[in-house]
Amino acid sequence: MKAVLPVVIVLLYSWAYLPSFNGVLLFDDIHAIVENDLERYLSVTEAFSSRRGIAFLTFAIDKWLYGDTPWGLHFTNFCIHLVNSGLVYLAAHTAFRRSEYSRNRSIGLSVAISSIFLLHPIQTNAVTYVVQRMESLSAMFLLLTLNCWIRWRDSSRVVWLVIAICCCLLGMRTKEVMVSAPLLVIWYDFAFLRVHSLKMRGRDLIAYGLLGLSLVANPAWQPFWNSLFKPDAIAQSTSTAFIVKDVGRWEYMRTQPQVILYYVQQTLWPSDLCLDRGWPVEDKIVGIVVPGILLSAIFLLTLAAIVQQRRISFLGGLFFLSLAPTSSIIPIQDLYFEHRMYMAVISVITLVVLLTDWFLRTILTLTAPSRETCSTQISTCILLAAMGALACTTHARNQVFRSELVMWQDCINKSPNHARPYYSFAHHVEKNKIHALSDLATGYAWRAVELRPSEWQNWNMIGLMLKQNGDRERAIASFEHAIELDPSIPLPYLNLGNLLVGVDDIEAERLFLKVLEISPNHEDANNNYGVMLARRGRNQDAIKYFRQAIEENPQKWDARLNLGDALLPMDPVAALAQYEEVPDQEVDRAEAFLNKAVAYIRGRADVVSAMDCWKSCITLYPDHPAAWVLLANAHNTIGDRRAAIELLAEAQRRFPDEPSVLQALNEIAP
């Protein structure tokens, strides 16, 4: 059974997370991974100098190994969590052995704790939600630090201490929550490893000092200082854990006891997990006082246990220290996120496992003569049942990550008074032009406005939905209101300008220039303003704006096509260089293929390549008659009259009243 159980655990884990490999990137994944220049983190200097640079280095390595597929990102997260489970087992096993548990009992308890940690569905927010690799990866470095520290204590080999310090440093550059790691390691040391003496030798002092010095590498100190002594400060980088925005320190602190207790509830009974719950600030006295008293009592018991039951005190220490950076007095933009329980959940699991073990042994003492054998059998059955139930719940939870719309609908169902999921649902529908869901998305956009009328994003989104539905006047009013709410944001100006093109070009031009005033490198504003200039015949002026858009985003395909169109009358070869950069599947209009064909003929006298362009055009845009006629004429020119007639016959079937088709037929087949 001992040999089979690890295999069963890994198979259950693989099955539970199998749906995650088809999961999409969503929410913070987009700007942190998809829109981020990850290649720069392959530089050691950048990786160690940037906030969370080690986490971004792993994203960059994934992109190098797997390309842009989300599968590779999910696979790495899967492996990190599996490694963490093994590290939890090692630390727990040492703790139980030091607590004078028998070897078999120590192994059994450690397997139970680590397997439940591995399979628990609350961990999906740190594993399947890709960007929260930062949480699981920092936990991995913390657990590596702890286990290497244990090896150093057991062997006195300095190499293990060096590895522990290095892991701690790497964790500090992975996520700011690692700030609690040195104290956690010292607490574990005090509780389990230095049982017989509290006297610290010089070697211990040096080791503790080195561990503490690793805190210098943590980037949390400046925003932490701001949050304590500059309450109006706003952290400029979204890559920090400490963001002071809409919530004050007192509002945050008084709400967290209720949030933490709900985390515990979801650990014990994970029936209401939610990626984006949007927990409101608690204003009711009962909601503040009762959870506060309960949590304070647990905290005081933890402090008291330091003197009487220091081994048990570590469970409380792990729980409170893991949550302290994100769930205490330091305000963060979001009051509730389940991935914050990634490490703290170990305390809850351990306590439940120990209580279950104690209960079984107490009952069996009274009823079973062969207590050890019977206890092992019953414990194994209970563990297998728990693992199966958790694996099924995790498998079902991972199904929700397969689609953005499924995820946001899940959040809406579980948190109907939170605006962001409504906005996110509408944003996905609008961005991907899912017309079948347009009415539902518009209703969700209005719901977001209703819940958070002071946020420009919501008014901007309702403007986009109204534009999509053809309600121009109300869309204009919505964009204008978004601008009033925050005149420093370029997006509403851009959307309003796009709406006014062809209706009020003077105002549209003013809006595009306003965007470029706020954000000179804005790729869409540069491209769209260039299009306006080109339509007025000012190709030379338009070219610099198209080039700026491409410089900002080399894969801005429409800007490359527009630049090619602007260059075509003056320099067909330069135009062709731009056209050739654009993959055929990214060409968004038939005219681009026709212009590319012209560039081949004028720039290189390459009729064969021009014919390939016309073939691509009729394949992707079969309802464009000019491509059929031009391709037919080309076949006729090179002597393939039969192919020309076949093409024109098909074109006549498609466009029976098209004059150019009829004329070409008369000329080729009179």
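Computed from a predicted structure; not experimentally measured.

It is worth spelling out unusual backbone geometry at this point. One non-glycine residue, F27, adopts positive backbone phi at about 60°. Here F27 is to be found in the loop between α1 (4-17) and α2 (28-34). A residue is classified by how much of its surface remains accessible, and F27, at 18% relative accessible area, is buried.

A few words now on the side chain of R133. When you line up the elements, R133 lands in helix α8 (residues 133-155). Here N77 takes part through its side chain, which lies 2.6 Å from a polar atom of the side chain of R133. Look past the residues within four positions of R133 in its chain and what remains in contact with it is T58, F59, D62, L73, T76, N77, I80, A126 and S138.

Attention now moves to the nonpolar core. Residues W149, Y188, F319 and M341 are the most contacted members of the largest nonpolar core, which totals 198 residues. For this core, the element with the most residues is α8, which contributes eleven residues.

Another aspect to go through is the layout of surface pockets. One number sums up the size of the second largest pocket: a volume of about 1300 Å³. Of all elements in the fold, only α1, α5 (70-98), α6 (103-119), α13 (249-268), α16 (345-367) and α17 (371-399) reach the threshold of two or more residues within the lining of the second largest pocket. The greatest single-element share of the lining of the second largest pocket, amounting to 13 residues, is contributed by α17. When grouped by side-chain class, the residues that make up the lining of the second largest pocket number 26 nonpolar, 16 polar and five charged.

Let us look at the environment of P280. In this structure, P280 sits in the loop between α13 and α14 (285-308). Residue classification places P280 among the exposed residues on the basis of a relative accessible area of 55%. When the C-alpha positions of P280 and D189 are compared, they lie 39 Å apart, and in sequence the two are 91 residues distant.

Moving on to helix α28 (residues 572-581). Among the residues making up α28, those that are buried are P572, A575, L576, Q578 and Y579. An end-on view of α28 places all buried positions within 160° of arc, on one side of the element. Contact partners of the buried residues in α28: α26 (539-552), α27 (557-567) and α29 (590-604).

Summed over all chains, the structure comprises 35 salt bridges. D62 serves as the salt-bridge partner of R133, at 2.6 Å between the closest nitrogen and oxygen. Taken together, the residues R133 in helix α8 and D62 in helix α4 (residues 53-66) connect sequence positions 71 residues apart. In this structure, K414 engages D410 in a salt bridge whose closest nitrogen and oxygen atoms are separated by 3.3 Å. You can see K414 and its partner D410 sitting in helix α18 (residues 404-414), four residues apart, about one turn around the helix. Linked through salt bridges whose partners overlap, the residues forming this network are R153, D189, R203 and D204.

Moving on to the environment of H74. Residue position: H74 is located in helix α5. With sequence-adjacent residues up to four places away left out, H74 is seen in contact with S20, F21, G23, V24, T128 and V130. Within the structure, H74 has its side chain in polar contact with the backbone oxygen of G23 (distance 3.1 Å).

A complete count under the given rule lists three cavities of 30 Å³ or more for this structure. Computed from the structure, the largest cavity encloses a volume of approximately 120 Å³. Lining the largest cavity are 13 residues; nearest its centre among them are E135, S138, L142, V177 and M343. Ranked by residues supplied to the lining of the largest cavity, first place goes to α8 with four residues. Of the residues contributing to the lining of the largest cavity, the split by class is eight nonpolar, three polar and two charged. L561, Y579, V582, D584, V587, A592, F593 and K596 are the residues that line the second largest cavity. Sorting elements by how many residues they give to the lining of the second largest cavity places α29 first, with three residues. Here the residues of the lining of the second largest cavity are counted per class, giving six nonpolar, no polar and two charged.

With that settled, consider the state of the cysteines. Covalent bonding between the sulfur atoms of two cysteines defines a disulfide. Going through the model one piece at a time under the given rule, you end up with zero disulfides. Not engaged in a disulfide, the cysteine C274 finds its nearest cysteine sulfur in C411; these two sulfurs lie 3.9 Å apart. Residue C274 is classed as buried on the basis of its relative accessible area, which comes to 1%. Unpaired in this structure, C392 has its nearest cysteine sulfur neighbour in C381, at a distance of 17 Å.

The rules behind these values
- Residues numbered from 1 in each chain as written.
- Predicted model: local features only at pLDDT ≥ 70, side-chain atom pairs only at ≥ 80, totals over all residues.
- Heavy atoms only, no water.
- Helix = DSSP H or I, 4+ residues; strand = E, 2+ residues; numbered from the N terminus.
- Buried < 20%, exposed > 50% of the residue type's maximum accessible area, 1.4 Å probe, protein only.
- Polar contact = N/O pair within 3.5 Å; in protein donor to acceptor, adjacent residues only side chain to side chain.
- Contact = heavy atoms within 4.5 Å.
- Core = buried A, V, L, I, M, F, W, Y, C linked by side-chain atoms within 4.5 Å.
- 1 Å grid on protein atoms, 1.4 Å probe; cavity = no way out; pocket = protein on both sides within 12 Å on 5 of 7 lines; lining within 4 Å.
- Points joined across faces, edges and corners; volume = space filled by probe spheres on them.
- Nonpolar A, V, L, I, M, F, W, Y, C, P; charged D, E, K, R; others polar.
- Arc of directions from axis to C-beta.
- Salt bridge = Lys/Arg side-chain N within 4 Å of Asp/Glu carboxyl O.
- Disulfide = S-S within 2.5 Å.

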